[in-house]
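Coordinate inspection notes
Each chain, letter by letter, is given below.
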Amino acid sequence: GAGVSQTPSNKVTEKGKYVELRCDPISGHTALYWYRQSLGQGPEFLIYFQGTGAADDSGLPNDRFFAVRPEGSVSTLKIQRTERGDSAVYLCASSLREAMNTEAFFGQGTRLTVV
Amino acid sequence: LAKTTQPISMDSYEGQEVNITCSHNNIATNDYITWYQQFPSQGPRFIIQGYKTKVTNEVASLFIPADRKSSTLSLPRVSLSDTAVYYCLAVGVGNEKLTFGTGTRLTIIP
């Protein structure tokens, strides 16, 4: 596809369950970002990958959150022991990390609801 | 890390030019000013980016004075479809993580 793809688009899970959210970035984009967004707020940074490695994971709120990008393309955000406060839209973005180019392309997001 | 400050909301009538100002007093030498637009139920979309002076594309213009402590996004002749939240970010080498604030909620009135 031409854009960033996120699956599923919606996920409802019970408190305490484990969830995985998937992001397919634009082909060739080396940088990949995860954000979460609550209603009325701007996107909150979670983690940034450059290739396969996490260049900055300072936004992950606690050790229940983990993200991987094993082959430098698709990324999975994993949330263990979900809590109701984890309910939000989770956004993924990718970009080319050339020196002058900082345009990031966002997916439509995964709306996570923890009940 | 450069913090950006922008108005929480703005209203404008259709056909007007809209200017949204962003303050970034502590912007780093390497940082660019980048603006994103977000519609409800969609991810943010890149609008424009600049370092200094004026940048113009088919959507908007961006004015950045010499001291780079502020910038102004200018939307010419807005329409109802420009109703969205607009975010101003400082991004650069060593500061790649795209820190969004609460943005400016722009409402276009018919």
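Refer to the preceding data block for the structure.
Note on numbering: residues in each chain are counted from 1, in written sequence order. Whichever chain is written first is A, and whichever ligand is written first is 1; the rest continue in order. In view of the model being predicted, local features appear only for residues whose pLDDT reaches at least 70, and side-chain atom pairs are presented and counted only at 80 or more, with totals across whole chains, interfaces and linings using the full set of residues. For side-chain calculations, the full set of non-hydrogen atoms in the structure is used, while hydrogens and water are omitted.

Residue-level contacts link 19 residues of chain B with 20 residues of chain A. Salt bridges are counted wherever a side-chain nitrogen of Lys or Arg sits within 4 Å of a carboxyl oxygen of Asp or Glu. Where chain B touches chain A, the interface holds zero salt bridges. Any N or O atom pair separated by 3.5 Å or less is treated as a polar contact, with the protein-specific requirement of one donor-capable and one acceptor-capable atom, and with residues adjacent in sequence counted only for side-chain atom pairs. One can count four residue pairs in polar contact (both at pLDDT 80 or more) joining chain B with chain A. Among the secondary structure elements, those contributing two or more residues to the side of chain B that touches chain A are β3 (32-38), β4 (45-50) and β8 (84-91) of chain B. Helix and strand assignments follow DSSP, with helices taken as H or I runs no shorter than four residues and strands as E runs no shorter than two, numbered in order from the N terminus. Considering each element in turn, the side of chain B that touches chain A owes the most residues, four residues, to β3 of chain B. Among the residues making up the side of chain B that touches chain A, the classes are represented as eight nonpolar, eight polar and three charged. The contact criterion used throughout is that any non-hydrogen atoms of two residues lie within 4.5 Å. Throughout, the ten residues Ala, Val, Leu, Ile, Met, Phe, Trp, Tyr, Cys and Pro are labelled nonpolar, Asp, Glu, Lys and Arg are labelled charged, and all others, Gly among them, are labelled polar.

Residues and elements named next belong to chain A. A one-sided burial pattern is seen for strand β11 (residues 110-114), the buried positions being Thr-110, Leu-112 and Val-114 and the unburied ones Arg-111 and Thr-113. Any two strands with at least two DSSP-identified bridges between them are counted as paired. The sheet contact formed by strand β2 (residues 10-13) and β11 spans four bridges and is parallel. Paired with Lys-11 across the strands is Leu-112, a residue of β11. The pairing of strand β9 (residues 88-95) with β11 spans three bridges and is classified as antiparallel. What sits directly across from Ala-88, in β11, is Leu-112. Three labels apply to residues, based on accessible area from a 1.4 Å probe with only protein chains included: buried if under 20% of the type maximum, exposed if over 50%, partly exposed otherwise in between.

What follows covers the environment of Ser-94 of chain A. Residues and elements named next belong to chain A. Mapped onto the fold, Ser-94 is located in strand β9. For Ser-94 and Pro-25, which are 69 residues apart along the polypeptide, the C-alpha to C-alpha distance reads 5.6 Å. The residues contacting Ser-94, other than those within four sequence positions of it, are Val-4, Pro-25, Ile-26, His-29, Ala-31, Leu-32, Glu-103, Ala-104 and Phe-105. Within the structure, the side chain of Ser-94 is placed 3.3 Å from the backbone nitrogen of Ile-26, a separation counted as a polar contact. Side chain to side chain, Ser-94 and His-29 meet in a polar contact 2.8 Å long.

All names here are of chain B. With five of its six residues buried, β4 lies for the most part within the structure. The sheet contact formed by β3 and β4 spans five bridges and is antiparallel. Across the sheet, residue Trp-35 finds its bridge partner in β4, namely Ile-48. Connecting the antiparallel pair β3 and β4 is a turn made up of six residues, with Ser-41 showing a positive phi of about 65 degrees.

Here we come to the state of the cysteines. Here, two cysteine sulfur atoms that lie within 2.5 Å of each other are counted as a disulfide. If you walk through the whole model with that rule in mind, you get two disulfides over all chains. In this model, Cys-23 of chain A is linked to Cys-92 of chain A through a disulfide, with the two sulfur atoms separated by 1.8 Å. Negative torsions about the S-S bond denote left-handed disulfides, and the value of about -70 degrees found for Cys-23 of chain A with Cys-92 of chain A makes this one left-handed. Taken together, the residues Cys-23 of chain A in strand β3 (residues 19-24) and Cys-92 of chain A in strand β9 connect sequence positions 69 residues apart. Grouping residues by exposure puts Cys-23 of chain A and Cys-92 of chain A together as buried. Here Cys-22 of chain B is linked by a disulfide to Cys-88 of chain B, with a sulfur-sulfur distance of 2.1 Å.

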